[in-house]
Amino acid sequence: MRTDRCGDLRLTDEGRSVSLCGWVSRRREHGEHLAFIDLRDRSGIVQVVVDGAQDLRAEYVLQIKGEVRQRPDETTNTSIKTGEIEVQAQEVIVLSEAEPPPFPLDERTEIDEVLRLRHRYVDLRRERMQKNLTIRSKVNSAIRQAMEEQGFVEVETPMLIASTPEGARDFVVPSRKEPGSFYALPQSPQIFKQLCMVGGVDRYYQIARCLRDEDLRADRQFEFMQLDAEASFVTQEDVLAFISYAVLSATEAITGERPSEIPRMSWQEAQERFGSDKPDIRFGLELVELTDIFTSTEFRAFEAPCIKGIRVPKGSDISRNRLDDLTEKCKQWGAKGLVWMKVENGELNSPVSKFLSEEEKSALKETLLVEDGDLLLLVADERDMVRHVLGLLRLEIGRPPVTEGGLSFLWVVDFPLFEGVDEEGNPQPAHHPFTMPHEEDIDKLEKGDLLGVRSQAYDLVLNGWELGSGSVRIHKREIQEMIFQVLGIESEEAQEKFGFLLDAFRYGAPPHAGFAFGMDRLTAILAGEENIREVIAYPKTQSGADPLTSAPNPIDDKHLNELGLRVLPPKQ
Ligand code: ASP
């Protein structure tokens, strides 16, 4: 039906006869018998000149046959790529009429998200969405190509499975054939990819749909896509290299530049310097250790196991209101308070100055390398709390928007094997229960010093977003059983839930390791979007609803009966 796309026409096409198809983006009358139509398709917009009165309204779908001609000089529009030409229509065919769109499709107007999602088919026509979908497709294809080049084979794993633990709630699907029994939808293909290794696949990958029933956020949807990979006879080094190659290739495919090698940091260092296991290293404002300065302080608030501070260069003109607001935030995050100091004429001005000794003040100035005009922000508490609160404070005051500060990939390595305990006092895996402990720390495991055990797990971080995680896996039945036991998973339960994996390990499991990262997150950052919903064609709202199809929906009694289900009345 068409010879060209609207946005592709240039001055070099002058004089050509073309046929174009698209939507009426805008219509301007010029006297009674002349109209200018902005015709839009995926590639962009072109101006079409239509003679004679015709009823061509916004979002009508047209086919235009006509001739490309140069615009008169004074009407050239440098803000669009086709701005030097226009198409003189010879024939206008209305392919579809349209009601007025539910919201303006220009990029300038902010539109309510529910309205956008309810009419996503209209929303998708916007330039921003077309650009994002194209970027997404390119990222997918670059990643696929990178994995194939490295000898990985794409294997599809099932959606209806038994539960795979990734630390979230499962979505479940009732079985009609076996009422009362349920499939889980995969939180990840974790167990299947490990079984692929036992099965000799050697290098597996999949752009896999994963489902987790968690609260939704800017970087989280119920269902999301991961590049999921696993390889046999490899070390952590190999996996880092495979994945680095893939994400750097995807980045290059979008930005045209290949970032240099991805730096590494241990989990411990990330926590101490950035107060986070996913540090945004696009900016400074690092956490500085101050504990030693205050070991014999008279200031009660500083009698704590850990004190750290952030120096904000030129931050001293901050308003009192903002300081109160930051203090309030720190309290919400769990701190007892926030101590602030302004560096003025070489002095530390603060409501707490009078409680600090001269030695303490000069040690502070020296350690933080202060300069006049700086603002210092200090928190004293348990070490974990100090890191947590200052880590969040750092982001609150310094985090650049997604479109600024470049792309800072970072590998975070040497994660602890366990983090904290659950309500029953059982340690929780920091990654998942299939992660291999650090070889040097196996004796700590045996001695019960659980929180001191490091794992062979690693995360990939981009601009402060956790892109993904992976680990060297346990491939020996005895170690896997020991870990289940430490986690409080009784052998019977382990057999029931993961018996098939433990069984598989009897039949010759190769050492293996893997990784998975979120394609939506990577794509969002590469597209300069703060929210992954902008790079997903049909996302759910923050509350998990789909305004387009109105899912989730109740189902009728007949269907419930068939599944052997009964719905309880809503809780009061
Ligand atoms: N299955 C893990 C996840 O989804 C990734 C991995 O360990 O490969 O986070």
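Parameters at a glance
- Residues numbered from 1 in each chain as written.
- Predicted model: local features only at pLDDT ≥ 70, side-chain atom pairs only at ≥ 80, totals over all residues.
- Heavy atoms only, no water.
- Helix = DSSP H or I, 4+ residues; strand = E, 2+ residues; numbered from the N terminus.
- Buried < 20%, exposed > 50% of the residue type's maximum accessible area, 1.4 Å probe, protein only.
- Lys, Arg positive; Asp, Glu negative; His and termini not counted.
- Salt bridge = Lys/Arg side-chain N within 4 Å of Asp/Glu carboxyl O.
- Polar contact = N/O pair within 3.5 Å; in protein donor to acceptor, adjacent residues only side chain to side chain.
- Contact = heavy atoms within 4.5 Å.
- 1 Å grid on protein atoms, 1.4 Å probe; cavity = no way out; pocket = protein on both sides within 12 Å on 5 of 7 lines; lining within 4 Å.
- Points joined across faces, edges and corners; volume = space filled by probe spheres on them.
- Near = heavy atom within 4 Å.
- Areas by Shrake-Rupley, 256 points an atom, 1.4 Å probe, with all protein chains shown as cover.
- Pairing = 2+ DSSP bridges.

Trainee: What am I meant to see in the side chain of Glu-360 here?
Mentor: For Glu-360, the position within the fold is in helix H8 (residues 358–368). It turns out Glu-360 is buried and unbridged, and the closest side chain with the opposite charge, Lys-361, is 8.3 Å from it. One polar contact links Glu-360 to Thr-297, side chain to side chain, over a distance of 2.9 Å. In this structure Glu-360 touches Ile-293, Phe-294, Thr-297, Glu-298 and Phe-355, once residues within four positions along its chain are discounted.

Trainee: Just checking my understanding: could you explain unusual backbone geometry for this structure?
Mentor: Note on backbone geometry: most residues besides glycine have negative phi, and most peptide bonds are trans. The omega torsion of the bond from Ala-551 to Pro-552 falls at 0 degrees, within 30 degrees of zero and hence cis. The backbone of Leu-285 sits at a positive phi, close to 50 degrees, despite the residue not being glycine. Along the chain, Leu-285 turns up in the loop between helix H6 (267–274) and strand E12 (287–289). Even without glycine at this site, Ser-550 takes up a positive phi of about 55 degrees. Here Ser-550 shows up in the loop between helix H13 (519–526) and helix H14 (557–563).

Trainee: Honestly, empty space enclosed by the protein in this entry has me stumped. Any pointers?
Mentor: Gaps left between atoms show up when a probe the size of a water molecule is rolled over them. Inspection of the entire model under this criterion finds two cavities of 30 Å³ or more. Within this model, the largest cavity holds a volume of roughly 40 Å³. What lines the largest cavity is Met-147, Phe-152, Ala-229, Glu-230, Ala-231, Val-239, Phe-242, Ile-243, Ala-513, Gly-514 and Phe-515. Within the residue set of the lining of the largest cavity, elements represented by two or more residues are strand E10 (223–232), helix H5 (236–255) and strand E22 (512–518).

Trainee: Can you walk me through the site of the ligand in this structure?
Mentor: Around the ligand, a shell composed of 14 residues is seen, among which Glu-166, Gln-190, Lys-193, His-431 and Arg-473 lie nearest. In the model, an oxygen atom of the ligand is placed 2.6 Å from a nitrogen or oxygen of the Lys-193 side chain. One of the side-chain nitrogen or oxygen atoms of Arg-473 is found 2.7 Å away from an oxygen atom of the ligand. For the ligand, whose unbound accessible area comes to 270 Å², protein coverage reaches 95%. Of all elements in the fold, only helix H4 (190–198), strand E21 (465–472) and E22 reach the threshold of two or more residues within the shell around the ligand. Among the elements that make up the shell around the ligand, the one with the highest residue count is E22 (three residues).

Trainee: What am I meant to see in the pairing of strand E1 (residues 17–29) here?
Mentor: Within a regular strand, side chains alternate between the sheet's two faces. Bridge analysis of E1 against strand E4 (residues 61–70) gives seven bridges, and the strand direction is antiparallel. In the strand pairing of E4, Gly-22 is matched with Leu-62. The sheet contact formed by E1 and strand E2 (residues 34–41) spans six bridges and is antiparallel. Pairing of Arg-27 across the sheet is with Ile-37, part of E2.

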